There are 2 protein chains.
Amino acid sequence: MGFWKTWFSSSESVATNKTTAFGEHTAGDRGKSGASSDNIVFSTERDIDLYELEELCDAVGWSRRPLRKVKKAIEHSFLVASMWQVRGNKRRLIGFARATSDHAFNATIWDVVVHPDFQGQGMGKALMKYVLKKLRSEEISNVTLFADPQVVDFYRTMGFMPDPEGIKGMFWYPQ
Amino acid sequence: MGFWKTWFSSSESVATNKTTAFGEHTAGDRGKSGASSDNIVFSTERDIDLYELEELCDAVGWSRRPLRKVKKAIEHSFLVASMWQVRGNKRRLIGFARATSDHAFNATIWDVVVHPDFQGQGMGKALMKYVLKKLRSEEISNVTLFADPQVVDFYRTMGFMPDPEGIKGMFWYPQ
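As the structure is a prediction and not an experimental result, all values here were calculated from the model.

## As for unusual backbone geometry
Outside of glycine, negative phi angles account for most residues, and trans bonds account for most peptide bonds.
Residue and element names in this part refer to chain A.
Working step 1: With a phi angle near 65°, His103 is a residue other than glycine that sits in the positive phi range.
Working step 2: Along the chain, His103 falls in the loop between β4 (90-101) and β5 (106-114).
Working step 3: For His103, a relative accessible area of 24% puts it in the partly exposed group.

## Quick look at the UniProt feature "domain: N-acetyltransferase" (unreviewed entry) in chain A
Working step 1: Taken from the UniProt record, the annotation "domain: N-acetyltransferase" (unreviewed entry) applies to residues 40-175 of chain A.
Working step 2: Spanning residues 40-175 of chain A, this segment combines 29% helix with 35% strand, and its end C-alpha atoms are found 43 Å apart.

## What to know about the relation of the copies chain A and chain B
Working step 1: Note on the copies: chain A fits chain B at an RMSD of 0.0 Å, the axial shift is 0.0 Å, and the rotation between them is 180°. Accordingly, the operation relating the two chain copies is best matched by a two-fold axis. Closest approach to the rotation axis within chain A is made by the C-alpha atom of Gly169 of chain A, at a distance of 2.1 Å.
Working step 2: A shared interface surface links the copies, since 100% of the contact residues of chain A are contact residues in chain B too.

## What to know about the interface of chain A and chain B
Working step 1: On the chain B side, the residues contacting the 49 residues of chain A number 49 residues.
Working step 2: Around 4800 Å² of area is buried between chain A and chain B when both sides are counted, 62% of it from carbon and sulfur atoms.
Working step 3: For the pair chain A and chain B, the interface holds four salt bridges.
Working step 4: We note a salt bridge from Lys168 of chain B to Asp163 of chain A, for which the minimum N-O separation is 2.6 Å.
Working step 5: Joining chain A to chain B, the criterion identifies 24 residue pairs in polar contact (both at pLDDT 80 or more).
Working step 6: Ranked by residues supplied to the side of chain A that touches chain B, first place goes to strand β6 (residues 142-147) of chain A with six residues.
Working step 7: Residue composition of the side of chain A that touches chain B, grouped by class: 24 nonpolar, 13 polar and 12 charged.

Criteria and thresholds
- Residues numbered from 1 in each chain as written.
- Chains lettered and ligands numbered in written order.
- Predicted model: local features only at pLDDT ≥ 70, side-chain atom pairs only at ≥ 80, totals over all residues.
- Heavy atoms only, no water.
- Helix = DSSP H or I, 4+ residues; strand = E, 2+ residues; numbered from the N terminus.
- Buried < 20%, exposed > 50% of the residue type's maximum accessible area, 1.4 Å probe, protein only.
- UniProt positions renumbered as here; feature names shortened; annotations may be inferred.
- Least-squares fit on C-alpha atoms with pLDDT ≥ 70 in both.
- Contact = heavy atoms within 4.5 Å.
- Buried area = accessible area lost by both parts, 1.4 Å probe.
- Salt bridge = Lys/Arg side-chain N within 4 Å of Asp/Glu carboxyl O.
- Polar contact = N/O pair within 3.5 Å; in protein donor to acceptor, adjacent residues only side chain to side chain.
- Nonpolar A, V, L, I, M, F, W, Y, C, P; charged D, E, K, R; others polar.

Printed below as a string of structure tokens:
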């Protein structure tokens, strides 16, 4: 109950114009209910059910991570963005992304995930647009991320550039 | 006065074994004073004189940034590491680095700078070792950075890998 209250107060139905794309996917259900009640809603609320988030990450085949650390990471991320399918009074977590930042110059986006049922419908793009809009509203001008090979082209279409001016993303792992 | 008090309480003279390298550089002065009082000290203290930091960044030719934003970035970085030359009761800022993080999984290192007078003497490496040690002590296992072309090899010698498994560093700038 508390969740819904705070969630709706900080969420935005910015993707109302995306409802069509989503509506196509659920046209059958809409026909049954006879009401266009489906909606995709974006939120920056951090009060996310960690098990629901884990389920989403499982769905795309990510390795499981300790929920204690996921909780800490969410608490200390600069931005936590979630994407929800809302039907009547039911909600389902269908996308997630977060960003670390120095709150001044740069932000780095991590853990971008869209449920497979909602991929290929522009939902990843909508989620990223929401994230970029939020970061821009905080005057962050340098937005970075580390893209797996299979999503480099996706991020390129969003305006991200790989290795601009020869700048290399580098990783260090403990020996 | 307050600065020195807090600074010494949170600083580490971890580079005592670097004093030789540095001592070579200042052998003349040491001869004059007759005492081996030079030392390189590392600190995670955030109470850094922003003008002194700006002077350091000027020395390596970085574009100036609004001090208000630099202050905010320092406040909201997960780790702020500084490297000081200490002679008697005088200190000089000769190196700096900071990292953003989610406090759980990843950290990204930014603004690594070593004063030109101290470059080529292993001081950058000492500073990076200090940063990595601090991040490891916080159980951060995924350390990243974006390296300019001319320092990619330097970071490679520190164990950083460019594009591991094809992962691409990507940048987005506002249009």
